[in-house]
Structures are given as C-alpha cells and as structure tokens.
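An overview of the molecular structure
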Amino acid sequence: MFKLLKYEHKLSRKFMWILIAVSFFGSLLVQGTAASKEYLRGPEPIVFGVIIVIGTMVTFLFYMVSILRRDLYSDSGYLTFSLPLNGFQTIGAKLMNVVIWATIAVVLNILFIIAFSSIAYSGFWNELTASLKNFLDIFGGKSTILYIILLLVQIFNIYMVLTLALIIGKSIFKNGKMGWLWIIIYFLINYMITKLAPYFLNMETAKYLLWYSSPIFLPGFTPDNAAVIPQLLTFNIAVGAVVYFISSVLWEKCVEI
C-alpha cells in the first residue's frame, strides 16, 4: 500500500508544485491589490485572484481524479491491478495521496498569507491575535475545530464521490469509453445522498441541506447554526465511510482492465 502511495505521490509531484505556485500567485494578486489599495480603482485584480485560487482547488480535485481515471482507461492500470493489494488498500493509497497534497497546499498557502501580511500590514500580528480571540469567544474552541474538520471531510467526500462515479462507470461499461458520463453519475450520487440525508438528520440540521457540489453544503458559520455542526460532521463522516467501502468493493470485484 505504501509503495503505491509513494508511486502516486511521485507521479503527482511536479504538477502539484506548479499548482501550489499558481495558488500563491492568485493569493499574491488578492493581497497585493488590497495592500496597495489598487482595488479602489476597480475590483478586477481581486476578482481575478479569487478565481485563480478557486480554480486551483477545483483543478486539484479533478487532477487527482484523472490519476484514477488513467488507471481505469490506460495501460498504466495493468501495473496498479497487478499489485498484491485489495480494493481498500488501493483506494486508501490514492486517498492518502490526496490528503497529503491537500495538507501541504493548505499549510504552505496559510504560511504564505501570514508572511506576506506581516510584511505588508503594520500591526498584523496584534490584529490577528485580537480577531482570533474574539472569534473563539463567540463560537468557542470546540465548535471552531469541528467546523474546520467538517470542511476538510466535505472536501475529501467530493473526491470520494467522484471516485465512486468513475468506478461505477467503469463497472457498467467495462472496456467501453464512457467519456464525461461519469460526471452525470457524480451528480446523481449527490442527489441520492441529499434525498436520504433528512432521514438521518433532525429538522434543525436538515434545513441547512442544499444540493450543491458536495453531499452537504457547508452552512455559514454563525452562533445560530454552530449547534448543528457535530451532527453534520457525523453524517459526512458516515457518507465518506460508506462511499469508500462501496468504491473499494467495486474496484476489487467489478472493475476489469
């Protein structure tokens, strides 16, 4: 499993460092424009920078899915399927690669933002400390941590549902090319999860459900809805576990190269 993880990580290394550099550029565009007050002449640079940052996140997910798609529809799949690994280990290695790169990207971007802000803004550290203290006083440390975990779980759930959509498509069409039909399968899976969610959530939590790009659309973090975060987190972890289980079983039992 770890040899496959090492191979997946090495395979994605070059592209991911380029993607992280692009995200730095987008962040620099936003922060640099704000620091120089160029946004007073028009919001275009900031909007462009935000689009770049969001684009890198979307590209990250689809690139990781493309590595899986390569294993399903190209000759490199023979190497993956020849390894003495079961479906849980194979999908687990790919998921771990996503987690590692996502962690690296997030940590480096946070450090980059902090480094730039500390140079560009006088009194940055005092303002940051005061803002964090006020935030924690309002929401509490536990709710904040759970909210961050919920956000991360939802991001990984998007990847897992995309993975399941690809594997289902391959299981149905076998050796045929399915093109972008797996995207339709992805939205169908999301739709099914959203329809099932109210049966497992109380009404207070269910009112935050929206059909979006992930099984559960993350609600805005306010004191009024902070109480629903634990239940949403539990539900999302359960969704991720079920999707991981189904993906692993289908990979091992139904996928043919």
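Bear in mind the structure is a predicted one, so any value in this text is a computation, not a measurement.

Moving on to helix 7 (residues 181-196). A rise of 1.5 Å per residue sets the reference length of helix 7, with its 16 residues, at 22 Å; its end C-alpha atoms lie 23 Å apart and thus fit the reference within 8%. By the burial criterion, the buried members of helix 7 are Trp 182, Ile 183, Ile 185, Tyr 186, Ile 189, Asn 190, Ile 193 and Thr 194.

Two packed helices can be described by the angle between their axes and the distance between those axes. Between helix 6 (residues 141-173) and helix 7, whose axes approach to 8 Å, the crossing angle comes to 120°. The angle between helix 6 and helix 7 places the two elements in the oblique class. For the pair helix 6 and helix 7, the sense of crossing is right-handed. Across the interface between the two elements, Ile 158, Val 161, Leu 162, Leu 164, Ala 165, Leu 166, Ile 168, Gly 169 and Phe 173 from helix 6 touch Leu 181, Trp 182, Ile 185, Tyr 186, Ile 189, Asn 190 and Ile 193 from helix 7. By residue class, the composition of the contact of helix 6 with helix 7 is 14 nonpolar, 2 polar and no charged.

Their axes nearest at 8 Å, the elements helix 4 (residues 87-120) and helix 9 (residues 229-253) cross at an angle of 120°. As summarised for this structure, helix 4 and helix 9 are arranged oblique, according to the angle between their axes. The hand of the helix 4/helix 9 crossing is right-handed. Contacts between helix 4 and helix 9 involve Gly 87, Phe 88, Thr 90, Ile 91, Gly 92 and Lys 94 from the first element and Tyr 244, Phe 245, Ser 247, Ser 248, Val 249, Trp 251 and Glu 252 from the second.

Our next topic: the layout of surface pockets. The computed volume of the second largest pocket comes to approximately 280 Å³. What lines the second largest pocket is a set of 13 residues, among which Ile 193, Leu 196, Val 239, Val 242 and Val 243 lie closest to the centre. Put simply, the parts of the chain that give the lining of the second largest pocket at least two residues each are helix 6, helix 7 and helix 9. Along the lines of polarity and charge, the residues of the lining of the second largest pocket split into 13 nonpolar, no polar and no charged.

To continue, consider the packing of aromatic side chains. This model, assessed by the stated rule, comprises 7 aromatic pairs. Ring centres 6.2 Å apart and planes at 55° place the aromatic pair Phe 62 and Trp 182 in the tilted group. One end of the pair, Phe 62, is in helix 2 (residues 44-73); the other, Trp 182, is in helix 7, with 120 residues separating them in the sequence. On the basis of relative accessibility, which here comes to 2%, the residue Trp 182 falls in the buried class. With a centroid separation of 5.9 Å and an interplanar angle of 70°, the aromatic rings of Phe 88 and Tyr 244 are classed as edge-to-face. Of this pair, Phe 88 sits in helix 4 while Tyr 244 sits in helix 9, and the two are 156 residues apart along the sequence. Overall, Phe 88 belongs to the partly exposed group, its relative accessible area being 29%. Through pairs of rings, three or more aromatic residues link up here, namely Phe 88, Tyr 244 and Phe 245.

What counts and how
Residues numbered from 1 in each chain as written. Predicted model: local features only at pLDDT ≥ 70, side-chain atom pairs only at ≥ 80, totals over all residues. Heavy atoms only, no water. Helix = DSSP H or I, 4+ residues; strand = E, 2+ residues; numbered from the N terminus. Expected span 1.5 Å × (residues − 1). Buried < 20%, exposed > 50% of the residue type's maximum accessible area, 1.4 Å probe, protein only. Axes fitted to C-alpha atoms, helices over the stretch in contact; angles between N-to-C directions. Parallel < 35°, antiparallel > 145°, perpendicular 65-115°, else oblique. Left-handed = near helix turned anticlockwise from the far one by under 90°. Contact = heavy atoms within 4.5 Å. Nonpolar A, V, L, I, M, F, W, Y, C, P; charged D, E, K, R; others polar. 1 Å grid on protein atoms, 1.4 Å probe; cavity = no way out; pocket = protein on both sides within 12 Å on 5 of 7 lines; lining within 4 Å. Points joined across faces, edges and corners; volume = space filled by probe spheres on them. Phe/Tyr/Trp six-rings, centres within 6.5 Å; stacked < 30°, edge-to-face > 60°.

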